[in-house]
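The lines below spell out each chain.
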Amino acid sequence: MHVLVLQGPNLNRLGKRDPRFYGVRPLTDVTSEIDARADELDVTVDHVQANCEGRLIDWLQERQDDADAIICNPAGLTNYGLSLRDALSDTGLDLAIVHLSNPLGREPWRRDDVFAEIADLYLAGAGWYGYVMALDGLHGRAVERM
């Protein structure tokens, strides 16, 4: 199994950004946790983080044909990233959307998520562990189809 992990705008600041919502681990630690669980599951994972929606789309489209599933934290694109949403949907791959914090428990403007309706799995509020949960969920879905 091959999983693509897309990290949206501002996630490069993990560990420095408001730890109440985003935790204290930097993105490199989060990536290491995802990779460790992927190794246990015999899953290949490719990662990207970008502050530009176009870069995320280009990266996805270059790799989607060799992938089986996607984990995406749209971060700063959550409310309006329609181009990324369409690109993710067009892959036809299983998709897990992950949010470190719970958008429903925050400011009202954060509650609109254009990615929610295309997600096969939706994880919010579990912090960095949401990525591990997403990987487990996607792996489980793939195993059940075998």
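K.L.:
How would you sum up the environment of Arg-17? Please name residues and give values.
P.N.:
With respect to the helices and strands, the residue Arg-17 is situated in the loop between β1 (2-7) and α1 (19-22). By relative accessible area, which is 27% here, Arg-17 ends up partly exposed. With near-sequence residues (within four places) excluded, Arg-17 lies in contact with Asn-10, Tyr-22 and Gly-23.

K.L.:
How would you summarise the state of the cysteines if you had to cite specific residues and measurements?
P.N.:
Counted under the stated rule, the structure contains zero disulfides. Not part of a disulfide, Cys-52 finds its nearest cysteine sulfur in Cys-72, a span of 14 Å.

K.L.:
Account for the pattern of salt bridges, naming residues and giving values.
P.N.:
In total, this model carries 10 salt bridges according to the counting rule given. For Asp-18, the salt bridge goes to Arg-20, with nearest N and O atoms at 2.5 Å. When its relative accessible area of 28% is taken as the criterion, Asp-18 is described as partly exposed. We note a salt bridge from Arg-141 to Asp-94, for which the minimum N-O separation is 3.3 Å. Within this pair, whereas Arg-141 is found in helix α5 (residues 129-145), its partner Asp-94 is found in strand β4 (residues 94-99), the two being separated by 47 residues in sequence. Taking relative accessible area as the criterion, Asp-94 reaches 10% and is therefore assigned buried.

K.L.:
If you had to explain the packing of aromatic side chains to someone new, which residues and values would you point to?
P.N.:
Inspection of the entire model under this criterion finds two aromatic pairs. Here the aromatic rings of Trp-128 and Tyr-129 are separated by 5.5 Å at their centres, their planes lie at 85 degrees, and the arrangement is edge-to-face. Trp-128 sits in the partly exposed class, given a relative accessible area of 27%. The exposure class assigned to Tyr-129 is partly exposed, which follows from its relative accessible area of 41%.

K.L.:
I'd like a rundown of the nonpolar core, residues and numbers included.
P.N.:
Core analysis: the largest hydrophobic core is formed by 23 residues, its most contacted members being Val-3, Ile-71, Tyr-131 and Leu-135. Counting only elements with at least two residues in this core, the list comes to β1, α2 (27-41), β3 (69-73), β4 and α5. Among the elements that make up this core, the one with the highest residue count is α2 (five residues). Ranked by size, the runner-up nonpolar core spans 22 residues in total, among them Leu-56, Ile-57, Ala-67 and Ile-97.

K.L.:
If you had to explain the side chain of Gln-49 to someone new, which residues and values would you point to?
P.N.:
Structurally, Gln-49 can be placed in strand β2 (residues 44-49). Overall, the relative accessible area of 17% leaves Gln-49 in the buried class. In this structure the side chain of Gln-49 is engaged in a polar contact, spanning 3.1 Å, whose partner is the side chain of Asn-51. Excluding residues that lie within four positions of it along the chain, Gln-49 makes contacts with Gln-7, Gly-8, Pro-9, Asn-10, Leu-11, Asn-12, Leu-27 and Arg-55.

K.L.:
Provide a residue-level description of α5, including the pertinent values.
P.N.:
Taking 1.5 Å per residue, 17 residues should reach 24 Å; α5 reaches 25 Å between its end C-alpha atoms and fits that length. By the burial criterion, the buried members of α5 are Gly-130, Tyr-131, Val-132, Ala-134, Leu-135, Leu-138 and Ala-142. For α5, the elements touching its buried residues are β1, α2, β3, β4 and β5 (121-124).

Criteria and thresholds
- Residues numbered from 1 in each chain as written.
- Predicted model: local features only at pLDDT ≥ 70, side-chain atom pairs only at ≥ 80, totals over all residues.
- Heavy atoms only, no water.
- Helix = DSSP H or I, 4+ residues; strand = E, 2+ residues; numbered from the N terminus.
- Buried < 20%, exposed > 50% of the residue type's maximum accessible area, 1.4 Å probe, protein only.
- Contact = heavy atoms within 4.5 Å.
- Disulfide = S-S within 2.5 Å.
- Salt bridge = Lys/Arg side-chain N within 4 Å of Asp/Glu carboxyl O.
- Phe/Tyr/Trp six-rings, centres within 6.5 Å; stacked < 30°, edge-to-face > 60°.
- Core = buried A, V, L, I, M, F, W, Y, C linked by side-chain atoms within 4.5 Å.
- Polar contact = N/O pair within 3.5 Å; in protein donor to acceptor, adjacent residues only side chain to side chain.
- Expected span 1.5 Å × (residues − 1).

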